[in-house]
Amino acid sequence: MKEVIGMQVPYRWLNEYVGLDVSPEELADRLTRAGIHVDSVSRRRAEFESVRTGIILSMEQADGVRICSVNVGDAELSIVTGATNVQVGDKVAVAVPGAVLPKGQRVETAVLKGRKSQGMLCCTTELLLGEGPRNNEGVLVLPSDTPVGTDVAQVLELYDDVLILDLTPNYAHCQSLVGLSWEVSAVTGAPLRTPPTGALAERGGTLDGWSTVRVLAPDLCPRYVLRGFEDVTVAPSPLWIQWRLLLSGVRPISNIVDITNYVMLEMGQPLHAFDARRVQDRTIIVRRALHGEMIRTLDGEQRTLSDEMLVIADSASAIGIAGVMGGENSEVRDDTSSILLESAYFLPYSIASTSRRLGLRTEASARFERGVDHSGTARAADRCAYLVEELGIGKVRKGAIDVDVMSHEPRRVLVRPDKVNSLLGTDIKKAEMQRILERLSFGVTAVTEGLWVEVPPRRVDVTQEVDVAEEIARLWGYDRIETTLPSGKLTRGGKSARRRWDDAMRDRLLAMGLDEVITYSFVDPSIADMLGLGPDDEMRQAIPLANPLRHDQSVMRTTLLGGLLATVEYNLKRRIESMRFFELGPVYKPRSLPLSELPEERVHVAGAAFGPRKRHFSEPAREADFFEVKGWVESLLEYAGAKPEFVRSGLLFLHPGRQAHVRVSESIIGYLGEMHPDVLERYGIGTRVVVFEVDLDLLYLCELTPPRYSPLARFPAVERDLAVIVPKVVSAAEVEAIIRREGGLLLEKLELFDVYTGPPVPEGHVSLAYSLRYRSCEKTLSDEDAEAVQVRIKESLIREVGAALRS
């Protein structure tokens with residue numbers, strides 16, 4: 001299965017790069033039919049209410065604050081503010097009393113510095129994030145022609161339709177607005193518009209000589225572009241940039257960081273900004289990490305690197321993990337005044353390997369590991385520099401450093417129309433194929449053999465003839481390809497006896513009213529600690545994956561229990577207060593660690609119960625308990641033809657007084673019991689959970705006597721009760737074995753219906769009460785017949801386990 005990449009595309013932003021005359025829903029349908037799956041179209045609006053445009057009529061200063069008289073259309077409000085960037089006549093965003101800002105913050109009339117304030121003058125951060133002003137941020141001042149008393153969201157157009165894309169890795173070129181616009185243009189015929197870069201003024205000093213770049217691992221980084229900015233003022237970004245980032249699922253941080261993210265979303269090229277003052281000697285070195293080298297990344301985590309990973313370093317230490325995340329020691333801060341901007345091409349397999357080994361997935365790594373357009377690194381750096389100048393963030397230094405050892409020879413593929421039609425089952429003409437490819441901006445030259453196709457560098461997924469055939473198919477229309485049945489020799493298949501037996505176990509649990517769940521075989525290595533397993537417990541011997549996708553799926557499971565508890569936690573958080581469910585699947589146990597041979601794969605079945613449940617409509621609901629789950633196990637194993645026994649156990653993850661091992665034919669095949677309160681606390685579960693787990697491979701090897709059909713009884717039964725007092729050291733299983741032995745063929749049913757300790761039962765003893773049903777298949781039993789068997793059972797119990805009859 002291909003991993004799916006999610007992307008959020010604001011419709012109006014996309015419209016800047018390709019002229020659209022179709023609705024968002026129509027566009028979503030067309031893209032999906034062309035193979036680019038649009039999961040949904042979401043209508044978004046800024047998350048604030050009752051924020052209006054206003055004009056400042058007058059202002060006075062007192063006690064370090066300003067008292068403003070503000071007209072909001074239908075009222076004149078007195079508002080206290082600490083902002084210094086406003087003056088009389090300014091149009092501003094006003095949260096009137098009763099307004100609600102993001103995160104649920106409510107604005108009411110308040111007293112500040114002894115003055116009544118009827119609302120709040122808002123800054124961009126307050127409007128979009130519901131947080132206080134950031135460094136160098138003042139009140140949002142609106143254009144002078146803004147009408148007074150209108151909804152700020154309407155005036156600033158803080159609303160849009162967002163296309164939610166689910167992209168498979170072969171559509172990596174669609175992880176940008178520009179890349180997607182090529183597809184939209186091909187699908188709709190709309191004209192393309194490229195993002196402006198303009199002629200850069202480059203008012204700063206010269207970059208070359210002020211900074212240097214050394215690429216010591218050109219095999220992993222064949223192209224590295226560096227630009228420099230000076231006289232930078234770090235502040236919040238303009239509202240329009242922050243709004244577009246939020247719509248795209250990216251949190252605004254500061255102007256410098258925001259424009260790097262903006263260009264990444266726009267052009268598909270990840271960028272990274274370093275604080276030049278914190279880069280020693282302003283020297284950028286691209287090298288392999290030293291084995292065991294440490295770096296604290298921007299998320300605050302200390303990470304240990306291996307010599308297979310690529311880092312960005314200065315002359316002293318690593319300052320970033322290439323293509324994944326920057327280092328805390330060179331991050332952009334509020335006092336940053338000069339910037340080194342990185343735009344590079346890193347080999348996809350290197351970034352994918354580093355990301356997985358570190359369990360660190362970012363927007364940048366998701367793009368690099370699928371391949372970016374190597375010809376676009378300089379363009380992306382120039383676009384970022386253009387925005388720095390356009391927004392007045394700082395001065396761009398003259399020139400760029402471009403270390404480039406890549407081959408820029410275009411990929412050329414010979415496409416044979418007959419072969420394409422054979423692959424697709426179509427009859428598309430050669431000229432039509434050429435038109436389709438030209439719509440996708442492929443270079444096409446018709447020759448006798450077919451079509452020579454020049455692949456644009458942004459299309460890293462197209463490398464051979466079958467890839468081009470796929471492009472033709474999706475633009476031609478999958479719905480136009482005739483449906484045909486596959487042909488060839490067929491062989492009759494069937495399930496093995498063991499597979500049919502496993503299915504029967506599954507069907508039995510379903511028939512008992514349990515739901516089936518399926519959880520991942522790759523699990524979090526912390527499960528062993530969450531369960532509180534002992535250091536020598538075999539369930540700790542989990543097999544690590546060589547290249548895990550995520551840290552919380554980096555080892556192979558040795559028990560189904562972790563998945564069951566995660567399912568309980570997931571459902572409780574969604575207010576599902578009662579469940580009964582099971583999982584039947586493999587667990588993996590190493591024959592040795594480190595692995596020198598294939599691990600042992602065993603099939604287990606496990607189940608869990610929590611919350612109240614009615615067992616009959618006439619009975620009150622009962623909480624899940626040990627005996628309910630014990631009944632599941634008994635029913636399952638008896639259906640398999642086993643005679644289960646339940647013996648004492650001392651498992652650390654189960655409640656010490658409410659657990660048992662399951663024994664069949666002298667083999668321990670599983671366990672059941674209530675989860676230990678400490679384990680439930682670690683999982684954040686606040687209710688009783690009862691579980692079981694059985695090794696079906698071990699059960700299958702036991703001596704099993706599957707149930708056989710027996711005709712309906714022709715003669716009536718005789719029922720008797722038996723209550724005995726036995727020492728606590730005697731198990732109920734021992735008592736039942738004696739009763740069944742002495743009852744012989746006449747004993748049809750035996751059921752324990754009461755367990756009691758306390759007066760008048762002697763200390764150290766327990767009272768067990770059973771219901772017995774006798775029946776003969778040859779005659780009607782008399783009371784004397786039943787009593788004779790009853791006496792024989794009593795005598796054996798007294799003699800063998802020291803039982804005393806209870807009257």
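A brief report on the enclosed structure follows.

Definitions and limits used
- Think of each chain on its own: its residues are numbered from 1, step by step along the sequence as written.
- Owing to the predicted nature of the model, reporting of local features is limited to residues with pLDDT of at least 70; listing and counting of side-chain atom pairs is limited to 80 or more, with chain, interface and lining totals taken over all residues.
- The basis for every side-chain value is the complete set of non-hydrogen atoms in the structure, without hydrogens or water.
- Strand pairing requires that DSSP identify at least two bridges connecting the strands.
- Helix and strand definitions follow DSSP, with helices as H or I runs of at least four residues and strands as E runs of at least two, each counted in order from the N terminus.
- Axis lines are fitted through C-alpha atoms, for helices just across the contact stretch, and the angle between N-to-C directions can take any value from 0 to 180 degrees.
- Two rings belonging to Phe, Tyr or Trp (six-membered ring only in the last case) form a pair when the distance between their centres is within 6.5 Å. Interplanar angles under 30 degrees mark stacking, angles over 60 mark edge-to-face geometry, and anything in between is tilted.
- For the exposure calls, accessible area comes from a 1.4 Å probe over protein chains only, and a residue counts as buried if that area is under 20% of its type's maximum, exposed if over 50%, partly exposed in between.
- Should the NZ of a Lys or the CZ of an Arg lie within 6 Å of a ring centre and within 35 degrees of the ring normal, that charge is described as sitting over the ring.
- Here, nonpolar core refers to any group of buried Ala, Val, Leu, Ile, Met, Phe, Trp, Tyr and Cys residues whose side-chain atoms link them within 4.5 Å.
- Any two residues having at least one pair of non-hydrogen atoms within 4.5 Å are treated as being in contact.
- Note on disulfides: each one is a pair of cysteine sulfur atoms within 2.5 Å.
- Polar contact criterion, stated in full: a pair of N or O atoms within 3.5 Å, where within protein one must be able to donate a hydrogen and the other to accept it, and residues adjacent in sequence count only if both atoms are side-chain atoms.

### Some details on the sheet that holds strand 24 (residues 411–415)
No. 1: What the three strands build is an open sheet, ordered 24-26-25; its pairing is antiparallel. The sheet terminates laterally at strand 24 and strand 25 (443–447), the two strands that pair on one side only. Direction aside, neighbouring strands of the sheet carry axes that sit 20 degrees apart on average.
No. 2: Two elements, strand 25 and strand 26 (residues 450–455), share five bridges in a ladder whose sense is antiparallel. When the sheet's bridge partners are listed, V444 is paired in strand 26 with V453.

### So, the packing of aromatic side chains
No. 1: Using the criterion set out here, one finds seven aromatic pairs in the structure.
No. 2: Judged by centre distance (5.7 Å) and plane angle (90 degrees), the rings of W240 and Y262 are edge-to-face. Of this pair, W240 sits in helix 6 (residues 239–247) while Y262 sits in helix 7 (residues 255–267); the two residues are 22 residues apart in sequence, bridging distant segments of the chain.
No. 3: Overall, W240 belongs to the partly exposed group, its relative accessible area being 38%.
No. 4: Summarising the aromatic geometry, the rings of W632 and F692 are spaced 6.2 Å apart at their centres and angled 80 degrees between planes, so their arrangement reads as edge-to-face. Of this pair, W632 sits in helix 17 (residues 626–640) while F692 sits in strand 38 (residues 689–695), and the two are 60 residues apart along the sequence. Just as W632 is buried, F692 falls in that class too.
No. 5: Over the ring of W210 we find R397, and its NZ or CZ is 3.8 Å from the ring centre.
No. 6: The lysine or arginine in question, R498, covers the ring of Y700, its NZ or CZ lying 5.0 Å from the ring centre.

### Concerning the nonpolar core
No. 1: Grouped together as the largest cluster of nonpolar side chains are 76 residues, with contacts concentrated most on L14, L27, L31, L165 and L180.
No. 2: In terms of residues, this core owes the most to one element, helix 10 (residues 377–390), which gives seven residues.
No. 3: The residues touching L14, leaving out its near neighbours within four places in the chain, are V9, L20, L27, L177, L180, S181 and V184.

### Section: the state of the cysteines
No. 1: All told, the structure shown has zero disulfides when counted by the stated rule.
No. 2: Unpaired in this structure, C123 has its nearest cysteine sulfur neighbour in C122, at a distance of 7.3 Å.

### Comments concerning the side chain of E266
No. 1: Relative to the elements of secondary structure, E266 occurs in helix 7.
No. 2: For E266, a relative accessible area of 0% translates into the label buried.
No. 3: Only 2.7 Å separates the side chain of E266 from the side chain of R383, close enough to count as a polar contact.
No. 4: Excluding residues that lie within four positions of it along the chain, E266 makes contacts with W13, Y17, S176, L177, V178, P195 and R383.

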